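Now for the letters of each chain:
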Amino acid sequence: MSTYAAPLKDMLFAIREIAGLAEVTALPGCEDATPELVGQVLGEAGKFAREVLDPLNRQGDQEGARLVNGAVTAPRGFKDAYRQFTAAGWNALGGRTEYGGQGLPHVVAMPVQEIWNGACLSFCIAPMLTAGVLEALGIHGSPGQKKLYFPRLTSGEWCGTMNLTEPQAGSDLSAVRTRAVPEGDHYRIHGTKIFITWGEHDMAENIVHLVLARTPDAPEGVKGISLFIVPRFLPKADGTPGERNDVRCVSIEHKMGIRATPTCVLAYGDGAGAIGYLVGEENRGLEYMFTMMNHARLGVGIEGVALAERAYQHALEYAKTRVQGREIGQKSGDRVTIIHHPDVRRMLLSMKSQVEAMRALAYFAAALLDKSKHHPEPAGRQRSHALLDLLTPVVKGWCTEQAVEIASTGVQVHGGMGFIEETGAAQYLRDARITTIYEGTTGIQANDLVGRKVGMEKGATALALAAEMQGLASKLTAAGGSLAPISGSYAEGVNALAQATRWIVETFPRDPRAVAAVSVPYLKLCGTVAGGWMMARAALIATAQLKQPDADREFLEAKLATARFYVEHELPKAAALAREVTHGAGSVLAVDPSKL
Ligand SMILES: Cc1cc2nc3c(=O)[nH]c(=O)nc-3n(C[C@H](O)[C@H](O)[C@H](O)COP(=O)(O)OP(=O)(O)OC[C@H]3O[C@@H](n4cnc5c(N)ncnc54)[C@H](O)[C@@H]3O)c2cc1C
């Protein structure tokens, strides 16, 4: 069993060089995130993750959460770890300073989240959801709601959850039926929510549910959904938890992965009705919830990066110790560890290079989130916002789909032992499997990408991004040396993306069904090429840094090797994906659903 080690060098390289830490620290309100501080924060987070969270991962998976007489208990060690986590101030890292947070920008907070996820995904979904609640209430909550809930959610004394899903309302939230009946200064909530992550547990003294529900005279569909704060314990006048609200956990799911998280069925209003407080205005709930979901979507993309990294570390350790066979061409002599076999090296390199590309893209998006909030010029905020909007479904959809594949490759590296639970490789695959489903399936992310983000915008942001990527090809050629050979494949990948984007823009207004039929290949194409863009940028930076006398040669040469591998092995997939986009819709739409 390997021990999680935060890949600090690569994380810091991605934060500083690819996401552009200096640009973020130049923004008003982000000045404190100096490179030294970021290095220290990541170092300490890595230590905490290794010592406190990593040991919980396997045990939590085996033990699972338990529901006894309506009370949910997290697996052994979780409650104490959460106490240590909040006491050390980790929950408050990205929180607003006026409520006790440390106000660090997303370009730091997201990498720290990667570290928590890499050590124990089940644990850190709880603080991730709390951060999402803070994000939503920070924008849409009233001053009174912020005053009451922010300090405790920021410190982590209280946890947050998101309550969207109902049995008939999964991807299609217009079908939400939970009712909210006005009563004085509050509402009475009645209904059932399913699949609520950390919906009930014993780690925090209170849980703040953000719940989607309909008021009695609300219009049909998504325009009739409102958002409510429903605390498990109703806060007293002094803010401390008071009377138990009418919400209870009636069951928890038995799951394929993330078994330590309680995934709850919550019954609201079995009695007089759970007391809920409206956020913002009635009927704008889904719009508000999207603030939380967009934040959470990037967070789930980071989960993908983290699990893929963890699977890589685990596979690498195994490959260095498992002895099997001889080097190709050797009939006698010592048997070797499997890392000596070219195909095993190929698998490991494919895992490593993809993780680095995914990480760079996710951190790049995190920096855009900071710029979209803090840029002093409205045009600067708007530009970052548009690019972030485009990349959010890509980070979520692509990084998580990749994570499943990478964790599966990790099992493959282990051979038969990967299929056996004792080695732990299978857990990463099982845990990764949910990431392509919750916070909107890959299909839903892809619909959003081709529809709202590319089609409706007539490709303005996507084509501008492709043009920016194209500009890098000539820089690679000009740089020469080891970069010249990758410039051709890089340019082909970017051209494939531009061509497929033009097809989406042209087809969307006249045949949106055709576009929907190939939306997932398009999302994967965007991710594959954006990943190549990140790796090509990394290669250029590494080449320049290698000329400096104090360069970290080992790290930078390894970066050039993974960049080259990515461009030679991953980027060629772009051409096939682009062809699938431009030529693949017909075969999908030609088949009558009744014939399947
Ligand atoms: C472990 C776990 C934790 C979860 N945590 C939470 C939580 O904390 N809070 C919460 O509110 N929910 C949570 N969920 C619910 C989760 O977000 C939903 O399961 C997810 O959004 C998909 O909805 P569904 O399961 O109803 O699937 P469906 O919507 O029925 O989808 C089934 C299939 O149809 C496809 N599909 C559906 N509609 C479309 C469409 N329009 N276009 C293309 N394809 C489509 C989907 O991509 C999918 O492949 C959780 C779920 C799980 C399993």
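Residues numbered from 1 in each chain as written. Predicted model: local features only at pLDDT ≥ 70, side-chain atom pairs only at ≥ 80, totals over all residues. Heavy atoms only, no water.

### Observations regarding the overall build of the protein chain
Right, so step 1: The secondary structure content of the protein chain amounts to 18 helices and 12 strands.
Right, so step 2: The C-alpha radius of gyration computed for the protein chain amounts to 24 Å, which stays within 12% of the reference 25 Å derived for 596 residues, consistent with globular compactness.
Right, so step 3: Each principal axis of the C-alpha atoms in the protein chain carries an extent, and together these give about 75 × 60 × 55 Å.
Right, so step 4: When each of the 596 residues of the protein chain is scored for burial, the buried share is 58%.
Right, so step 5: Looking at the protein chain alone, contacts between residues at least 24 apart form 75% of all its contacts between residues at least 6 apart. (Helix = DSSP H or I, 4+ residues; strand = E, 2+ residues; numbered from the N terminus. Rg over C-alpha atoms; globule rule 2.2 N^0.38 Å. Buried < 20%, exposed > 50% of the residue type's maximum accessible area, 1.4 Å probe, protein only. Contact = heavy atoms within 4.5 Å.)

### Describing the side chain of Ser384
Right, so step 1: Mapping Ser384 onto the fold places it in helix α9 (residues 378–413).
Right, so step 2: Contact partners of Ser384, with chain neighbours within four places excluded, come to Leu368, Lys371 and Ser372.

### Remarks on the environment of Leu286
Right, so step 1: Looking at the element boundaries, Leu286 is found in helix α7 (residues 285–321).
Right, so step 2: The buried category is assigned to Leu286, whose relative accessible area is 11%.
Right, so step 3: C-alpha separation for the pair Leu286 and Tyr99, spaced 187 residues apart in sequence, amounts to 26 Å.

### Description of the pattern of salt bridges
Close approach of charged atoms allows side chains with opposite charge to pair.
Right, so step 1: Under the counting rule described, the total for this entry stands at 29 salt bridges.
Right, so step 2: When the shortest N-O distance is used, the salt bridge between Arg310 and Asp54 registers 3.6 Å. Here Arg310 is found in helix α7, whereas its partner Asp54 is found in helix α3 (residues 35–63), with 256 residues between them in sequence.
Right, so step 3: A residue is classified by how much of its surface remains accessible, and Arg310, at 1% relative accessible area, is buried.
Right, so step 4: A relative accessible area of 12% means that Asp54 is categorised as buried.
Right, so step 5: Residues participating in the shared-partner salt-bridge network are Asp10, Glu114, Glu309, Lys352, Glu356, Arg359 and Lys559. (Salt bridge = Lys/Arg side-chain N within 4 Å of Asp/Glu carboxyl O.)

### Digging into the environment of Met347
Right, so step 1: With respect to the helices and strands, Met347 occurs in helix α8 (residues 342–374).
Right, so step 2: Judged by its relative accessible area of 8%, Met347 falls in the buried class.
Right, so step 3: Once the C-alpha coordinates of Met347 and Gly89 are considered, the two residues, 258 residues apart in sequence, prove to be 38 Å apart.
Right, so step 4: Leave out the neighbours within four places in its chain, and Met347 touches Thr409, Gln412 and Val413.

### A short note on the site of the ligand
Right, so step 1: Close to the ligand lie 18 residues, the nearest being Thr165, Ser171, Phe195, Thr197 and Thr441.
Right, so step 2: Breaking the shell around the ligand down by element, the ones donating at least two residues are β3 (158–163), β5 (186–197) and α11 (442–455).
Right, so step 3: Split by residue class, the shell around the ligand holds 8 nonpolar, 8 polar and 2 charged. (Near = heavy atom within 4 Å. Nonpolar A, V, L, I, M, F, W, Y, C, P; charged D, E, K, R; others polar.)

### With respect to the side chain of Glu570
Right, so step 1: With respect to the helices and strands, Glu570 occurs in helix α16 (residues 553–570).
Right, so step 2: With relative accessibility at 6%, the residue Glu570 sits in the buried group.
Right, so step 3: Among the polar contacts listed, one links the side chain of Glu570 to the side chain of Gln354, at a separation of 3.4 Å.
Right, so step 4: Engagement of the side chain of Glu570 in a polar contact is seen with the side chain of Lys573, the distance being 2.8 Å.
Right, so step 5: Residues in contact with Glu570, not counting those within four places in the same chain, are Ser350, Gln354, Thr528 and Phe565. (Polar contact = N/O pair within 3.5 Å; in protein donor to acceptor, adjacent residues only side chain to side chain.)

### Quick word on the nonpolar core
Right, so step 1: Membership of the largest hydrophobic core comes to 175 residues, with the highest contact counts inside it found for Leu53, Trp116, Phe123, Leu210, Tyr490 and Tyr522.
Right, so step 2: Looking at this core, the element that brings in the most residues is helix α5 (residues 106–140), giving 19 residues.
Right, so step 3: Among all residues touching Trp116, those that are not within four sequence positions of it are Ala45, Phe48, Ala49, Leu53, Phe85, Trp90, Leu121 and Cys124. (Core = buried A, V, L, I, M, F, W, Y, C linked by side-chain atoms within 4.5 Å.)

### A word on α9
Right, so step 1: In this model α9 runs 49 Å from its N-terminal to its C-terminal C-alpha over 36 residues, within 8% of the 52 Å that 1.5 Å per residue would give.
Right, so step 2: At Leu391, α9 shows its largest bend, some 35 degrees, and a proline, Pro393, comes one to four positions later. (Expected span 1.5 Å × (residues − 1). Bend = angle between axes of the 7 residues up to and from the residue.)

Fair warning: the whole summary comes from geometry, so function is off the table for now.
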